Amino acid sequence: MRKTFRLTVTTLLLALIFSVSVAAQTIDLYSIMPESFAVPFFEAFTAETGIKINFVRHSAGEVLVRLIAEKNNPRVSMVFGGPADTFAAAVHEGVLESYAPAGVEAIPELYRDSNNYFTGIALNPIVFLTNKGFLKDNNIEAPTSWFDLLNPVYANGLQMADARTSGTGFNRIASIILALGDEDAAFDYMEKMHENVQVYTKSGGGGTVPVATRQATSGVFFLVDSIETARRGYDVEISFPEEGSIVSVEAMALVKNGPNQDLAKQFMDWMVTPEAQSLYAKHGIGFLPARPDATVSELVDVEGALFFNLDLDWAGENRQRVIEKWVDEIVGF
Amino acid sequence: MFTSLNKSTETAKTPRMGNLRTHLRKYNPTALVLSIILWVALGVFILYPLYKLLNLTFIQDGVFTFSSITRILSRRGNRLAFGNSLKLGLLVSIIGTFIGFIFAFTRTRANLPKAWRLFIDAIIVLPLISPPFTLALAMLFTFGPRGFLTYQVFGITGSSIYGMWSTLWAEVLTYFPLAYMTLRGVLENIDLSLEENAFSMGGSRWHVFRSVTLPLAIPGIANSLLLVFSASLADFAIPLVLAGHQFPVLPTQAYLQITGLFDLQGGASLSFILLVPSILVFLLQRYWVSRKHYVTVTGKSSSGTETPLVNNWARYTLLGLCIAVSSLILLLYGMIVFGSLVKAWGANHTFTLENYRYLFTHGVKSIKDTLLIAFTAMPLGGLLGITVGYLVTRKLIPGGRLMEFVSMINYALPGTVVGIAYLLAFNDPPFMITGTATILIAAYVFRYSPTGIRSTIATLQQIDTSIEEASTSLGADMITTVRKVTVPLILPSLFAGLEVTFTRAMTAISATIFLVSVNWTLITVRILESATELELGHAAAFSVFVIVMVYVVTNGLRGILRLLGLATIQEKTSVY
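Conventions adopted
- Residues numbered from 1 in each chain as written.
- Chains lettered and ligands numbered in written order.
- Predicted model: local features only at pLDDT ≥ 70, side-chain atom pairs only at ≥ 80, totals over all residues.
- Heavy atoms only, no water.
- Helix = DSSP H or I, 4+ residues; strand = E, 2+ residues; numbered from the N terminus.
- Buried < 20%, exposed > 50% of the residue type's maximum accessible area, 1.4 Å probe, protein only.
- Contact = heavy atoms within 4.5 Å.
- Areas by Shrake-Rupley, 256 points an atom, 1.4 Å probe, with all protein chains shown as cover.
- Rg over C-alpha atoms; globule rule 2.2 N^0.38 Å.
- Lys, Arg positive; Asp, Glu negative; His and termini not counted.
- Charge placed at Lys NZ, Arg CZ, Asp CG, Glu CD.
- pLDDT = per-residue confidence, 0-100.
- Patch = residues over 30% accessible without salt bridge, like charges linked within 9 Å, V, L, I, M, F, W, Y side chains within 5 Å.
- Salt bridge = Lys/Arg side-chain N within 4 Å of Asp/Glu carboxyl O.
- Buried area = accessible area lost by both parts, 1.4 Å probe.
- Nonpolar A, V, L, I, M, F, W, Y, C, P; charged D, E, K, R; others polar.
- 1 Å grid on protein atoms, 1.4 Å probe; cavity = no way out; pocket = protein on both sides within 12 Å on 5 of 7 lines; lining within 4 Å.
- Points joined across faces, edges and corners; volume = space filled by probe spheres on them.
- Axes fitted to C-alpha atoms, helices over the stretch in contact; angles between N-to-C directions.
- Parallel < 35°, antiparallel > 145°, perpendicular 65-115°, else oblique.
- Left-handed = near helix turned anticlockwise from the far one by under 90°.
- Domains from an automatic or database assignment.
- Expected span 1.5 Å × (residues − 1).
- Core = buried A, V, L, I, M, F, W, Y, C linked by side-chain atoms within 4.5 Å.

Enquirer: With reference to specific residues and values, describe the overall build of chain B.
Expert: If you tally the helices and strands in chain B, you get 25 helices and four strands. Relative to its full complement of 576 residues, chain B shows a buried share of 64%. Put simply, of all contacts in chain B between residues at least 6 apart along the chain, 81% involve residues at least 24 apart. Total accessible area on chain B is roughly 21,700 Å²; 67% of this is exposed by carbon and sulfur atoms.

Next up, the structure:
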């Protein structure tokens, strides 16, 4: 038994030793941006400065929960990517620190917080994604209006994000409210569209695989997920609603009292440079750069599309209410 | 894993305050020191996080209140989720136990050739070691509107994959092996001569089955029902992918409340609501069903013996049913392997090894982390299991029953609840361990060691203390007795504990999704990320790796036991 005990203690000690992290010249961050999009930026920054970036990728909600739980002892220096309304919620929770990256003026004011709590790094509009085989078999064109989705041909075929779990879902509802002019019209519309919905998915891009593989026919997604689906060789078509949709701002922010803040600031400065902003195009990532003067990928063809900006004050005040109304009136419970 | 083949232990007499010192003197000092260490560990890693969770749920501005519970229950979706969880659990446990019984009965009574028995045993562990999400994805590609079986084989269009029925069948396929393992142990331990006697006295096959075999298996069936019920109640990954929006269940609702509505308190409250039936089922199983085992262990294995109970017609029917279910499992897992070898699962089926190249380049860190954590948690979980089990059964310490109960709490709780409780408890002093490997190891050790505890208790209760007493009276001290006598007896339990802790550390996600960090990440979390990022090939390749790894390690462990000349615990009782 003593042997057992000794072994237990030794193993516990070993576990403790393993768990001490090495912190020199590294930035720890939470990435809401999917790994495959975020890594090219981290690698380019490390190549230029020698500063290593450790990250873990989580959905926006998970990151926010962690920032709140870790408020007294922040584990990371910054948050990378993710829709601006999540950042607005984080500001409200008091977990972010204001920082204006050097050269931030190059990013339009619309795409950053007025108090510099967060800075836009990319733009990501809401679009339609439809299976091409399905379009061909039914001899129809890809939807170009919100009302096209009411066509009975889409019955039990649409997939889109559940507003309770995904920022994509809330951005879609907000898009419809802005596109149709007011909330009542939007909810009338959504009630009709609901009849064609197969499932509201837990994650924003959760419906892209079913649409790509024709388990579903069409859906409402962020542009970046849609372009990624096409880029992976799935037979899909991206289209835009003529009534318009929201362009979501992907942001970054400094975590209050986080470790190695100086290094994180250096990374944030770098993120707004034209070189960094042009990496989306270079790596075929379906985001629009936040800097108007940066190179735009040829994959991202948004010619003629109408986009709105999400009013973050309105979003902050109405998010909970609109989502609960959507749950009560559209989903039904 | 809770299958205990024995009578319940007697409660230790409660000491009176006055003679505490004399009372304690009865106990061995080594055991007392050990028990203090164990209580500290259980306090820190089980009771403290639970306290933090209850605190968040019930205390508002320093006042005790039910308001967060009433707020959560005022929403119809949450009440629906509660009902759905219970309904789903009930159906899954009934169907799962039924299928498990058929498999166990076929395995033990149908006089199968050895090759068939090995085949069944190899297939049936697959669902237990599969990483989450991938199976649900395989279901989508098999049964979806354009699924392999629904569309390509049967030509059904417009089938719906989301909702109660698909969730139900996915959970049945995942958890019926639990029922199988429980029932196989029970059926094997029914003395075949009882059936033979009944048969030779003129009873028909059906009559013997109904009046002898079935009644003797009833406690096992009840146990299996409860086991599968609680597994379904806590399941997170399958409903997340397959339940859709019309069939909310509690574990996913709790997760969504937190990640979607940024409502930590609401999530904690939902977790608490889920906690109530989980604890109830656990208590029912522990203190009611486990007392009703009449089976005696003779040490004789009955499998392979000729039994008159099954005629040829019944044998082929049973075998046919088992082959049908096994083929379905093989098909689903074949889909995963297929998905890991093609360019775009579901659309472009060009052969590629790209996904495995990714696995062994970009995936290396998570593989290293996971293996390190799993191999550290494995011995700790195994040791914790046999230590608690030994101290409790041999009544070496005061309050053993309480210790046993406390050590089971994290197992009885749904993973999401444990994860959130750990997140709440371990980011502030005095225990600042979020972001380390320690928190992940602790989560696995304290959540999965109960397997070893139960298995140790079950084993020890069948071994007469007189063997150990004989050793002591011949002059050996406690440590020598333990080393020379007890250790060889409980070694199979240790290995069972090792096996389960390792398997879970490789595959579980619900508890650890909130605990991974920039320095420590896990393969299962990478699978979830890959699946949400459309990297289905990566998700499939990671899954194949996990399955192979778990197969290799568990079979390695069993091989070591066999080399030591000891029977694996699986041959006597179920461990999962």
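Enquirer: So what's going on with the overall build of chain A? Which residues, and what values?
Expert: Within chain A, the regular secondary structure consists of 13 helices and 12 strands. For 333 residues, the compact-globule formula gives about 20 Å, and the C-alpha radius of gyration of chain A, at 22 Å, lands near that figure. With the C-alpha coordinates of chain A rotated into their principal frame, the extents come out at 70 × 60 × 40 Å. Taking all 333 residues of chain A together, the buried fraction comes to 61%. Surface accessibility of chain A: about 12,600 Å² in total, with carbon and sulfur atoms responsible for 50%. Separation of charge centres in chain A, based on 25 positive and 42 negative side chains, amounts to 13 Å.

Enquirer: Break down the environment of Leu319(B) for me, with residues and values.
Expert: All names here are of chain B. Secondary-structure assignment places Leu319 in helix 15 (residues 312-340). Looking at Leu319, the relative accessible area reads 11%, which means it is buried. For the pair Leu319 and Phe103, spaced 216 residues apart in sequence, the C-alpha to C-alpha distance is 8.4 Å. Ignoring sequence-local partners within four residues, the contact set of Leu319 consists of Thr106, Leu112 and Trp116.

Enquirer: Tell me about the confidence of the model for chain B, and please be specific about residues and values.
Expert: Residue and element names in this part refer to chain B. Confidence in the prediction of chain B, expressed as mean pLDDT, is 80, and 89% of residues score 70 or more. Counting contacts from residues 294-305, a segment whose pLDDT is below 50, to residues more than four positions away or on other chains yields 17 contacts. Predicted confidence for residues 570-576 stays below pLDDT 50, and this span has 31 contacts to residues more than four positions away or in other chains. Here the predicted complex carries an ipTM of 0.74, next to a pTM of 0.80.

Enquirer: So, unusual backbone geometry: which residues are in play, and what are the values?
Expert: Residues and elements named next belong to chain A. Positioned with a positive phi, Asn116 is a non-glycine residue whose angle comes to about 60°. Its identity is not glycine, yet Asn156 carries a phi of approximately 55°, on the positive side. With respect to the helices and strands, the residue Asn156 is situated in the loop between helix 5 (132-138) and strand 6 (158-161). Since its relative accessible area comes to 31%, Asn156 is described here as partly exposed.

Enquirer: Kindly report on a negative patch on the surface, identifying the contributing residues and their values.
Expert: All names here are of chain A. There is a patch of like negative charges on the surface, built from Asp182, Asp184, Asp188, Glu191, Glu195 and Glu329. Of all the elements, helix 7 (residues 183-194) adds the most residues to the negative patch, at three residues. Residue placement: Glu191 occurs in helix 7.

Enquirer: Would you mind going over the interface of chain B and chain A in detail, with residue names and values included?
Expert: Across the contact, 68 residues belong to chain B and 68 residues belong to chain A. Taking both sides of the interface into account, the surface hidden between chain B and chain A amounts to around 6,300 Å²; carbon and sulfur atoms contribute 61%. A per-residue breakdown of the area chain B buries against chain A is headed by His245(B), Phe262(B) and Leu534(B), which together make up 13% of the total. Our count for the contact surface shared by chain B and chain A stands at four salt bridges. We note a salt bridge from Arg57(A) to Glu529(B), for which the minimum N-O separation is 2.5 Å. In terms of residues, the side of chain B that touches chain A owes the most to one element, helix 17 (residues 364-393) of chain B, which gives six residues. Broken down by class, the residue content of the side of chain B that touches chain A amounts to 40 nonpolar, 20 polar and eight charged.

Enquirer: Let's hear about the pattern of salt bridges: which residues, and what values?
Expert: All told, the structure shown has 16 salt bridges over all chains when counted by the stated rule. In this structure, Arg75(B) and Asp328(A) form a salt bridge, with 3.0 Å as the shortest nitrogen-oxygen distance. Within this pair, whereas Arg75(B) is found in the loop between helix 3 (67-73) and helix 4 (76-109), its partner Asp328(A) is found in helix 13 (residues 312-331), the two belonging to separate chains. Using a relative accessible area of 45% as the deciding quantity, one classes Asp328(A) as partly exposed. Arg107(B) serves as the salt-bridge partner of Asp121(B), at 2.8 Å between the closest nitrogen and oxygen. A residue pair is termed long-range when its members are at least 10 positions apart, and Asp121(B) in helix 5 (residues 114-124) and Arg107(B) in helix 4 qualify at 14 residues. Here the salt bridges share partners, and the residues they tie into one network are Glu183(A), Arg321(A) and Lys325(A).

Enquirer: Describe empty space enclosed by the protein, and please don't skip the residues or the numbers.
Expert: Rolled over the atoms, a probe with the dimensions of a water molecule shows which regions are left empty. Residue and element names in this part refer to chain B. All chains considered together, the criterion is met by 10 cavities of 30 Å³ or more. In this structure, the second largest cavity occupies an estimated 740 Å³ of space. The wall of the second largest cavity is formed by 40 residues, among which Tyr175, Ala231, Arg447, Tyr448 and Arg504 lie closest to the centre. With four residues, helix 11 (residues 205-234) is the largest single contributor of residues to the lining of the second largest cavity. Residue composition of the lining of the second largest cavity, by class: 28 nonpolar, nine polar and three charged.

Enquirer: Any chance you could break down the packing of helix 17 of chain B against helix 25 (residues 536-563) of chain B for me, citing the residues and the numbers?
Expert: Residue and element names in this part refer to chain B. Relative to each other, helix 17 and helix 25 sit at 30°, their axes nearing to 13 Å. Considered as vectors, helix 17 and helix 25 are oriented roughly parallel to each other. In the crossing of helix 17 with helix 25, the sense of the turn from one axis to the other is right-handed. Facing Ser366, Ile367, Leu371, Phe375 and Met378 of helix 17, the residues of helix 25 in contact are Phe542, Phe545, Met549, Val553 and Leu557. Counted by class, the contact of helix 17 with helix 25 contains nine nonpolar, one polar and no charged residues.

Enquirer: I'd like a rundown of the packing of helix 10 (residues 192-200) of chain B against helix 11 of chain B, residues and numbers included.
Expert: Geometry of a packed helix pair, given as the angle between the helix axes and the separation of the axes. Residue and element names in this part refer to chain B. Where helix 10 meets helix 11, the closest approach of the two axes is 10 Å, and the angle between their N-to-C directions is 150°. Classified by the angle between their axes, helix 10 and helix 11 sit roughly antiparallel to one another. The crossing of helix 10 and helix 11 is right-handed. Only Arg205, Val208, Val212, Thr213 and Leu216 of helix 11 make contact with helix 10, whose side of the interface consists of Leu194, Glu195, Ala198 and Phe199.

Enquirer: I'd like a description of the side chain of Glu404(B), backed by residues and values.
Expert: Tracing the backbone shows Glu404(B) in helix 18 (residues 400-412). Setting aside anything within four residues of it in sequence, one finds Glu404(B) in contact with Arg286(B), Val392(B), Ile453(B), Arg454(B) and Ile457(B).

Enquirer: With reference to specific residues and values, describe the side chain of Asn124(A).
Expert: Turning to its location among the elements, Asn124(A) is positioned in strand 5 (residues 119-131). Residue contacts for Asn124(A): discarding those within four places in its chain leaves Phe222(A), Leu223(A), Val224(A), Ile246(A), Val247(A), Ser248(A), Glu250(A) and Phe287(A).

Enquirer: Any chance you could break down the environment of Pro29(B) for me, citing the residues and the numbers?
Expert: All names here are of chain B. With respect to the element layout, Pro29 can be found in helix 2 (residues 29-58). With relative accessibility at 57%, the residue Pro29 sits in the exposed group. Along the backbone, Pro29 and Ile397 are 368 residues apart, and their C-alpha atoms lie at a distance of 9.3 Å.

Enquirer: Residue-level account of the domain arrangement of chain A, with values.
Expert: The parts lose accessible area when they come together, and the size of an interface is often stated as this lost area. All names here are of chain A. Per the domain assignment, the segments making up chain A are domain 1 (2-123 + 250-289) and domain 2 (125-247 + 307-331). A straight line from the C-alpha centre of domain 1 to that of domain 2 covers 29 Å. Taken residue by residue, the interface counts 15 residues in domain 1 and 15 residues in domain 2. For the domain 1 and domain 2 pair, buried surface summed over both sides reaches about 1,100 Å², with 68% attributable to carbon and sulfur atoms.

Enquirer: Break down a nonpolar patch on the surface for me, with residues and values.
Expert: All names here are of chain B. A grouping of Ile59, Phe64 and Phe66 is seen on the molecular surface, where their side chains present a nonpolar patch of about 310 Å² in accessible area. Looking at where Ile59 falls in the secondary structure, it is placed in strand 1 (residues 59-60). Under the relative-accessibility criterion, Ile59 is labelled partly exposed at 32%.

Enquirer: An account of helix 18 of chain B is requested, with residue identities and associated values reported.
Expert: Across its 13 residues, helix 18 of chain B extends 18 Å between first and last C-alpha, which sits within 8% of the 18 Å expected from 1.5 Å per residue. Regarding helix 18 of chain B, the residues found buried are Gly400(B), Met403(B), Glu404(B), Val406(B), Ser407(B), Met408(B), Ile409(B), Asn410(B) and Ala412(B).

Enquirer: Describe in detail the nonpolar core, supporting the description with residues and values.
Expert: Counting 298 residues, the largest nonpolar core has Ile27(A), Phe80(A), Phe267(A), Trp326(A) and Tyr422(B) as the members making the most contacts within it. Apart from residues lying up to four places away in sequence, Phe267(A) is in contact with Ile27(A), Leu29(A), Phe41(A), Phe42(A), Phe45(A), Ile53(A), Met78(A) and Phe80(A).

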